[in-house]
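Coordinates in review
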Amino acid sequence: MNFILIFLIIQLFIIKSYCSLHNLGKEELAALILAASDYNGNIAKDNNNNNYFRFKIGKDVITNQDIEGSIIDLIPELRRHDPNTVNDYFKNELYPKAVKIFEEYFGVNSITNGI
């Protein structure tokens, strides 16, 4: 019985250390920022209505309708900014850091020269 308990504790420790957001969180956030930007570092906009791209971020369990949002809805720091300055913050703060993390993690020289 003690063996099973020790085995489960070891397994939980391994799962916690290898599946933690701290291990890959910054890389995933950098990929999200790069996916939501254009090549100039601005938040990508829809050409039809000039709004930020909206995508499915969940499903409402009560009404069974899709929940849509933009990158501003996913990153809390962007929600704190004025709509007139949010793109400047994204371009000058988040995008350069995301590029740096991407280059370090994937070992490429520069993604800004074209992928």
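Above this text sits the structure in question.
Report on the accompanying structure. (Residues numbered from 1 in each chain as written. Predicted model: local features only at pLDDT ≥ 70, side-chain atom pairs only at ≥ 80, totals over all residues. Heavy atoms only, no water.)

Moving on, we come to the pattern of salt bridges. If you walk through the whole model with that rule in mind, you get five salt bridges. Taking the shortest distance from any N to any O, the salt bridge between K56 and D66 comes out at 3.6 Å. Linking K56 in strand β1 (residues 55–59) with D66 in strand β2 (residues 66–69), this pair joins segments that are 10 residues apart in sequence. Salt bridges sharing common partners tie together K56, K59 and D66. (Salt bridge = Lys/Arg side-chain N within 4 Å of Asp/Glu carboxyl O. Helix = DSSP H or I, 4+ residues; strand = E, 2+ residues; numbered from the N terminus.)

On to the nonpolar core, then. Judged by nonpolar contacts, the single largest core of 15 residues is most densely connected at I33, I71, I72, I75, L78, F90 and L94. Only α2 (21–35), α3 (71–74) and α5 (86–106) provide two or more residues apiece to this core. (Core = buried A, V, L, I, M, F, W, Y, C linked by side-chain atoms within 4.5 Å. Buried < 20%, exposed > 50% of the residue type's maximum accessible area, 1.4 Å probe, protein only.)

Among the structural elements, G41 can be located in the loop between α2 and β1. Its relative accessible area of 0% is what places G41 among the buried residues. Separated by 58 residues in the primary sequence, G41 and V99 have C-alpha atoms spaced 9.6 Å apart. Ignoring any residue separated from it by four or fewer positions in sequence, one finds G41 in contact with F90, K91 and Y95. (Contact = heavy atoms within 4.5 Å.)

On the surface, I57, I67 and L74 cluster together to form a nonpolar patch covering roughly 220 Å² of accessible area. With respect to the helices and strands, the residue I57 is situated in strand β1. Its relative accessible area of 40% is what places I57 among the partly exposed residues. (Patch = residues over 30% accessible without salt bridge, like charges linked within 9 Å, V, L, I, M, F, W, Y side chains within 5 Å. Areas by Shrake-Rupley, 256 points an atom, 1.4 Å probe, with all protein chains shown as cover.)

To continue, consider the environment of L29. With respect to the element layout, L29 can be found in helix α2. By relative accessible area, L29 is classed as partly exposed at 41%. L29 sits 73 residues away from F102 along the chain, and the two C-alpha atoms are 9.9 Å apart.

This part takes up the pairing of β2. In this structure, β1 lies alongside β2, joined through four bridges in antiparallel fashion. Bridge pairing in β2 links K59 to D66. Once β1 ends, the chain turns through six residues before running back antiparallel as β2, passing N64 with a positive phi of about 60°. (Pairing = 2+ DSSP bridges.)

This part takes up unusual backbone geometry. With glycine set apart, most residues show a phi of negative sign, and most peptide bonds adopt trans. For N50, which is not a glycine, the phi torsion comes out positive at approximately 60°. Positionally, N50 belongs in the loop between α2 and β1. Within the chain, N64 stands out as a residue other than glycine whose phi angle is a positive 60°. Mapped onto the fold, N64 is located in the loop between β1 and β2. Given the relative accessible area of 52%, N64 is considered exposed.

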